[in-house]
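# Observations on the three-dimensional arrangement
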Amino acid sequence: MQYVAVDIGASSGRLILGEIKNGKLQIKEVSRFANGFTNEEGTCYWDLDHLLNQILLGLQKIKSMGYEQCVLGIDTWAVDYVLVDENGKRLREAVSYRDDRTMNTINIITKQRSKKEIYQKTGIQFQPFNTIYQLYEEDQKLLSAANTILMIPDYLGYCLTGVAVTEETNGSTTQLLNIHEHQFDSDLLALISVKKEQFARLVEPGTKLGTLKKEWFPSYDLPDVQVIAVASHDTASAIVGTPGVGNDWAYLSSGTWSLLGIENNEPIVKDEALQGNYTNEWGAFKTVRFLKNIMGMWLIQEVRRILPINYTFPQLVEEAKKVNAFKQFVNFNDERFLNPDNMIEEIQSYCRSTNQEIPISPGELANCIYNNLAIIYAIAIDELEKITGKKIERLHIVGGGSNNEWLNQLTANLSGRTVLAGPSEATAIGNVMMQMITTEEVTDLFAARNLIRHSFQIHVYQPEAINRMAIINQYKEVVNSDYTTSS
Ligand code: ADP
Ligand code: LRH
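Sequence order as written defines the numbering, with residues in each chain counted from 1. Throughout, the order in which chains and ligands are written sets their labels, letters from A for the former and numbers from 1 for the latter. In keeping with the model being predicted, local features are shown solely for residues with a pLDDT of at least 70 and side-chain atom pairs are shown and tallied solely at 80 or more, while totals for entire chains, interfaces and linings include all residues.

## Brief notes about the overall build of the protein chain
- Helix and strand counts for the protein chain come out as 18 helices and 21 strands.
- Counting only C-alpha atoms, the protein chain reaches 60 × 55 × 45 Å along its principal axes.
- With C-beta atoms placed from the backbone, a residue is buried if 20 or more other C-beta atoms are within 10 Å of its own, exposed if 12 or fewer are, and partly exposed between those counts. Per-residue burial for the protein chain yields a buried fraction of 50% across its 487 residues.
- Placing C-beta atoms from the backbone, we regard two residues as in contact once those atoms come within 7 Å. A separation threshold of at least 6 residues defines the contact pool for the protein chain, and within that pool the share at least 24 residues apart is 75%. By definition, any uninterrupted DSSP run of H or I lasting at least four residues is a helix, any uninterrupted run of E lasting at least two residues is a strand, and each is numbered from the N terminus.

## Focus: the confidence of the model for the protein chain
- A score between 0 and 100, pLDDT records how confident the predictor is in each residue. Within the protein chain, residue pLDDT values average 97, and 99% of them lie at 70 or more.
- Both scores are available for the predicted complex, with the pTM at 0.98 and the ipTM at 0.99.

## A word on the pairing of strand β16 (residues 258-264)
- Summarising burial for β16: six of the seven residues are buried, a large majority.
- Criterion used throughout: strands pair if DSSP finds at least two bridges between them. As paired strands, strand β15 (residues 249-254) and β16 are joined by four bridges and run antiparallel to one another. Within β16, the residue paired with Ser 253 across the bridge is Leu 259.
- Connecting the antiparallel pair β15 and β16 is a turn made up of three residues.
- Both β16 and strand β18 (residues 288-294) contribute to a ladder of seven bridges, which runs antiparallel. Considered in β18, the bridge of Glu 263 is made with Arg 289.

## Notes on the site of ligand 2
- Around ligand 2, 14 residues are found, and the nearest of them are Trp 77, Ala 78, Asp 234, Thr 235 and Trp 257.
- Asp, Glu, Lys and Arg are counted as charged, while Ala, Val, Leu, Ile, Met, Phe, Trp, Tyr, Cys and Pro are counted as nonpolar; the rest, among them Gly, fall into the polar class. When its residues are assigned to classes, the shell around ligand 2 shows seven nonpolar, six polar and one charged. For each residue, a C-beta atom is positioned from the backbone; the residue is called near a molecule or strand if that atom sits within 6 Å of it.

## Focus: the pairing of strand β2 (residues 12-21)
- Where strand β1 (residues 3-8) lies against β2, six bridges are found, and the strand directions are antiparallel. Counted as the bridge partner of Asp 7 is Arg 14 from β2.
- The antiparallel hairpin formed by β1 and β2 contains three residues in its connecting segment.

## Remarks on the nonpolar core
- In terms of nonpolar packing, the biggest core is built from 139 residues, with Val 4 and Tyr 377 touching the most fellow members.
- Counting residues per element, this core draws most heavily on helix α14 (residues 362-388), which supplies 15 residues.
- What Tyr 377 contacts, discounting residues up to four positions off in sequence, is Leu 252, Ser 258, Leu 260, Ile 294, Thr 411 and Ser 415. In these notes, a nonpolar core means any group of buried Ala, Val, Leu, Ile, Met, Phe, Trp, Tyr and Cys residues linked to one another through C-beta atoms within 7 Å.

## So, the UniProt feature "binding site: ATP" (unreviewed entry) in the protein chain
- As annotated by UniProt and renumbered to match this structure, "binding site: ATP" (unreviewed entry) occupies Ala 10, Ser 11, Ser 12, Gly 13, Arg 14, Thr 256, Gln 301 and Gly 400.
- Mapping Ser 12 onto the fold places it in strand β2.
- Among the structural elements, Gly 13 can be located in strand β2.
- The class for Gly 13 is buried, based on 21 C-beta atoms found within 10 Å.
- Among all residues touching Gly 13, those that are not within four sequence positions of it are Asp 7, Ile 8, Phe 33, Asn 35, Leu 51 and Gln 54. UniProt positions are given in the numbering used here, feature names are shortened, and annotations may be inferred rather than shown by experiment.

## Here's the deal with the sheet that holds β1
- Taken together, the six strands give an open sheet; going across it, the order is β3-β2-β1-β6-β14-β13, and neighbouring strands pair in mixed fashion. The open sheet terminates on both sides in strands that have one partner only, identified here as β3 (24-34) and β13 (207-211). The average undirected angle you get between the axes of adjacent strands in this sheet is 25°.
- Lines fitted to the C-alpha atoms define the axes, with helices restricted to the stretch that makes contact. Angles between their N-to-C directions range from 0 to 180 degrees. This element, helix α16 (residues 426-438), spans β1, β2, β3, β6 (69-76), β13 and β14 (224-229) of the sheet and lies at about 140° to β1.

## Quick word on the site of ligand 1
- Near ligand 1 lie 17 residues; those nearest to it are Gly 9, Ser 11, Gly 255, Thr 256 and Gly 400.
- Those elements giving two or more residues to the shell around ligand 1 turn out to be α11 (298-306) and α12 (313-321).
- Sorting elements by how many residues they give to the shell around ligand 1 places α12 first, with three residues.
- Classifying every residue of the shell around ligand 1 gives six nonpolar, 11 polar and no charged.

## Remarks on the packing of α14 against helix α15 (residues 405-415)
- Remark: α14 packs on α15, axes separated minimally by 8 Å, with the N-to-C direction vectors making an angle of 40°. For the element pair α14 / α15, the angle class is oblique. Read as a crossing pair, α14 and α15 show a hand that is right-handed. Along the contact surface, α14 presents Tyr 370, Asn 371, Leu 373, Ala 374, Ile 375, Tyr 377, Ala 378 and Ile 381, while α15 presents Leu 407, Leu 410, Thr 411, Leu 414 and Ser 415.
- Partitioning the contact of α14 with α15 into residue classes produces 10 nonpolar, three polar and no charged. Orientation categories follow fixed angle ranges, with anything under 35 degrees roughly parallel, anything over 145 roughly antiparallel, 65 to 115 roughly perpendicular, and all other angles oblique. Helix crossings get a hand from a simple test, with the near helix turned counterclockwise from the far one by less than a right angle marking a left-handed crossing and a clockwise turn marking a right-handed one.

## Here's the deal with the UniProt feature "active site" (unreviewed entry) in the protein chain
- With numbering aligned to this structure, UniProt lists the feature "active site" (unreviewed entry) at Asp 234.
- Structurally, the position occupied by Asp 234 is in helix α9 (residues 234-240).
- We classify Asp 234 as buried; it has 31 C-beta atoms within 10 Å.
- In contact with Asp 234, other than residues within four places in its own chain, are Asp 7, Gly 9, Asp 75, Thr 76, Trp 77 and Thr 427.

## Considering the sheet that holds strand β17 (residues 279-282)
- One open sheet accounts for seven strands, arranged β17-β18-β16-β15-β19-β20-β21; its pairing is mixed. Of all strands in the sheet, those with a lone pairing partner are β17 and β21 (459-461), marking the two edges. Averaged over all pairs of adjacent strands, the angle between strand axes in this sheet comes to 30°, irrespective of strand direction.
- The pairing of β15 with strand β19 (residues 394-398) spans five bridges and is classified as parallel. Bridge pairing in β19 places Trp 249 opposite Arg 394.

Structure representation (structure tokens):
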């Protein structure tokens with residue numbers, strides 16, 4: 001059987017075919033396409049028709065490759081949603097989580113329920129873009145008219161099959177799920193004027209959704225498709241696809257965001273976890289993803305977009321290598337970097353106001369980003385050990401960012417941990433694994449990770465001898481005196 005992962009991140013999407021051959025998992029990229037939001041009259045929107053069209057074109061290509069049947073799962077970025085009416089029509093285009101409509105909403109909501117109370121209920125980090133804050137700022141007429149609120153991957157699955165669900169790994173990023181009741185929290189829903197029935201039924205990853213309604217898409221030549229709700233939050237699929245063994249590893253899912261954390265059995269909602277803004281997102285197989293959001297490759301994506309000359313990511317890495325390291329210390333987790341008008345100017349203005357050398361050339365800017373990300377990763381690993389009481393010996397880096405060998409080594413050096421990099425398509429692989437576990441072609445998560453380990457090359461980086469604590473302390477000194485520091 002052929003399994004198709006539709007994996008759509010904030011910067012790009014792909015359809016990947018997976019099958020087991022000679023005891024190994026083989027993957028083949030069917031298509032890759034750009035994703036991103038555009039600002040229209042002051043609001044940032046995703047283009048969901050483009051994504052749906054790309055899924056259908058990819059499926060058509062799969063049929064033209066001779067495959068008449070396949071299984072399919074969809075994962076995308078989290079927190080964003082679509083309001084649909086009773087006929088399944090979108091009431092408005094999906095707004096991007098980087099839109100500034102929720103800039104002040106955490107403050108408004110936490111005046112009514114304390115941060116501690118919300119955290120105790122949900123275990124979810126406080127990010128301005130969580131669905132709870134977005135829904136609070138939603139056009140109230142449209143919100144009350146909405147028959148169903150669907151998260152993005154659930155919406156795409158609904159468009160293909162007509163079956164509406166809320167898959168729980170992604171559902172947990174709404175900050176509306178109660179960890180004790182394992183359901184939507186009625187008090188938080190009431191606070192944002194949403195009725196429980198407006199969300200589709202909550203399902204676990206591995207739920208069979210239905211078949212592709214080919215007759216709805218007469219202009220495409222499509223195969224027969226069984227759709228499965230996988231761990232539809234891309235980060236949840238990435239962790240399924242991370243080949244960790246034992247109990248002493250952390251992961252870094254490195255794409256548009258850097259998600260650094262551990263896999264846990266229980267949520268951790270103690271004060272230090274709240275203060276560090278750690279989240280307890282629901283994972284596949286009842287695991288908990290205890291992790292921190294770090295600004296990630298978004299920074300370099302934006303710098304690259306603004307630069308007058310077109311650089312590839314590997315070229316930017318090469319430029320960065322030529323520059324002296326650790327010239328600037330920047331708190332890239334500050335909200336000012338979430339969606340500035342001009343990322344280059346924002347970085348430069350931070351450096352100016354903290355009396356540091358201004359990075360100007362592409363290499364200086366890239367160096368500044370990569371150096372600081374490595375420092376922030378290292379600090380997060382030390383912090384994770386402290387909060388969880390768990391020893392972390394190894395860091396698995398997966399996702400597009402794991403292709404950056406230079407950053408992998410830098411991360412090993414600054415964290416003092418062994419880094420294991422790859423697979424870079426861990427999210428699509430995790431998506432496929434969830435499908436194979438559902439159809440019983442693979443036994444369980446343990447077997448899935450074994451299969452991944454034996455099917456893909458993992459690159460190992462040992463830490464080199466540097467005075468990592470001196471660099472980290474220098475960072476903390478600058479960042480703590482930065483008047484705009486947050487989280
Ligand atoms: P997402 O799924 O969030 O859209 P990806 O996992 O596809 O993101 O990762 C994309 C990022 O990976 C790019 O923005 C880039 O920074 C990084 N990347 C991918 N390949 C390379 C490479 N060869 N060298 C350096 N960076 C890379
Ligand atoms: C990564 C991701 C992350 C969320 C963010 C909105 O793609 O899903 O886990 O916090 O996007």
